[in-house]
Structure formats: structure tokens, C-alpha cells
Amino acid sequence: DGFSYVPANSYVPEQDASFASYDQRQNISLLSTWALPAKFTFGTVLQAGSGLPYTELFGQDVNHDGTANDRPFGVPRNSLRMESQASFDLRLGRNIALSKDKGGPSLALSASAFNIANHANYDSYQGVISSPTFGQPLTAGPPRQLQFNAIVNF
């Protein structure tokens, strides 16, 4: 999991051999763009994937190695899975030439909608078994967002 990863038991680090925290089993990204009448463009992005792993923890330093990331006996690292994630984005845009010169100044207008279905995409879960929120999501990605852009190119 990178150079900053600390094993649950520093005395027996080989016990942490398991899935990486970025181990996403299924993942799909579909992108498309269509040219519409009146020089408009329409684009879509669909991203979906299975849940990422997270670890069940005691929440205290049971083995006295200086880190409070100990797991219950027999529980492997990253043995639990978050919910799947999905996002569907749309974009409508148009470029408008501001002069008759090819390559001259232009105005780019666009409207975008991100996570249009407003699907909750959770980023982290509570893994500490003594917590009343054990197994529940702690943070989530952004909800549905709308964005309008106007860019002058010259």
C-alpha cells in the first residue's frame, strides 16, 4: 500500500499479505461525444466499479508495537468491502468564433452535470469494531453538481 503503510503487527509484518487498499475487482469507464446540429457537442461519462476493501480493526494497540491499527485474531487485512460506486456525467457545449479569421478568438460555452443520478459514492468506512458506527460509511464523494463555463480563447 505504499511507503507510508505500517503493518498491524510490526513484529510479524508478513501477516499483512492481503489485498491492496486500491484492489477494485470490477471497473468500467465509458466516454462518448456526439456532434449535434448548430455546432453543439454532447458528451457523456459513465464510471462504475465494485467496492474497495477496508480493514476491521480493534482501534487500540493490543500488541504494544506503538500503532493502534491492530486487527482481531484471524482477520486478514482489507477483508471487508465498501459498496460499489457509480457516476454518470453529461456535458453540452458550443464553440463560437468571435472573428472570421481562422484560429482567431472564440468563445467556448458549456453546461455540465456531474453524478446526475446523485448516487452516494462512499470513500471510507468505519472499521473499528468497538465503534457504534462500525461498518457504516464515514465520507462520500460529491453529490450531483451542475457547472456552467464560458471561456474566451485568443
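Residues numbered from 1 in each chain as written. Predicted model: local features only at pLDDT ≥ 70, side-chain atom pairs only at ≥ 80, totals over all residues. Heavy atoms only, no water.

Visitor: Any chance you could explain the confidence of the model for the protein here in plain terms?
Guide: As a general rule, the predicted coordinates of low-pLDDT regions are not to be interpreted in detail. Here the protein averages 93 in pLDDT, while 100% of its residues score no lower than 70. Per-residue pLDDT, averaged within each element of the protein, yields its smallest value for strand β3 (residues 53-54) (94) and its largest for strand β2 (residues 40-49) (98). (pLDDT = per-residue confidence, 0-100. Helix = DSSP H or I, 4+ residues; strand = E, 2+ residues; numbered from the N terminus.)

Visitor: Looking at this structure, how should I read unusual backbone geometry?
Guide: In this structure, Ala-38 takes a positive phi of about 65° despite not being glycine. Looking at the element boundaries, Ala-38 is found in the loop between β1 (27-35) and β2. One non-glycine residue with positive phi stands out, namely His-64, at about 55°. By the secondary structure assignment, His-64 is in the loop between β3 and β4 (80-81). The class for His-64 is exposed, based on a relative accessible area of 64%. (Buried < 20%, exposed > 50% of the residue type's maximum accessible area, 1.4 Å probe, protein only.)

Visitor: Can you walk me through the packing of aromatic side chains in this structure?
Guide: One pair of aromatic rings is described through two measures. These are the centre distance and the angle between the planes. The final tally for this structure, using the stated rule, is three aromatic pairs. Between Trp-34 and Phe-42, the aromatic rings sit 5.8 Å apart at their centres with planes inclined by 15°, giving stacked as the arrangement. Among the residues examined, Trp-34 registers a relative accessible area of 44% and is labelled partly exposed. The rings of Tyr-54, Tyr-122 and Tyr-125 are connected pair by pair, giving a single aromatic cluster. A cation over an aromatic ring shows up here: Arg-77 above the ring of Tyr-5, its NZ or CZ 5.0 Å from the ring centre. Lying over the aromatic face of Phe-40, Arg-94 brings its terminal NZ or CZ to 5.7 Å of the ring centre. (Phe/Tyr/Trp six-rings, centres within 6.5 Å; stacked < 30°, edge-to-face > 60°. Lys NZ or Arg CZ within 6 Å of the ring centre and 35° of its normal.)

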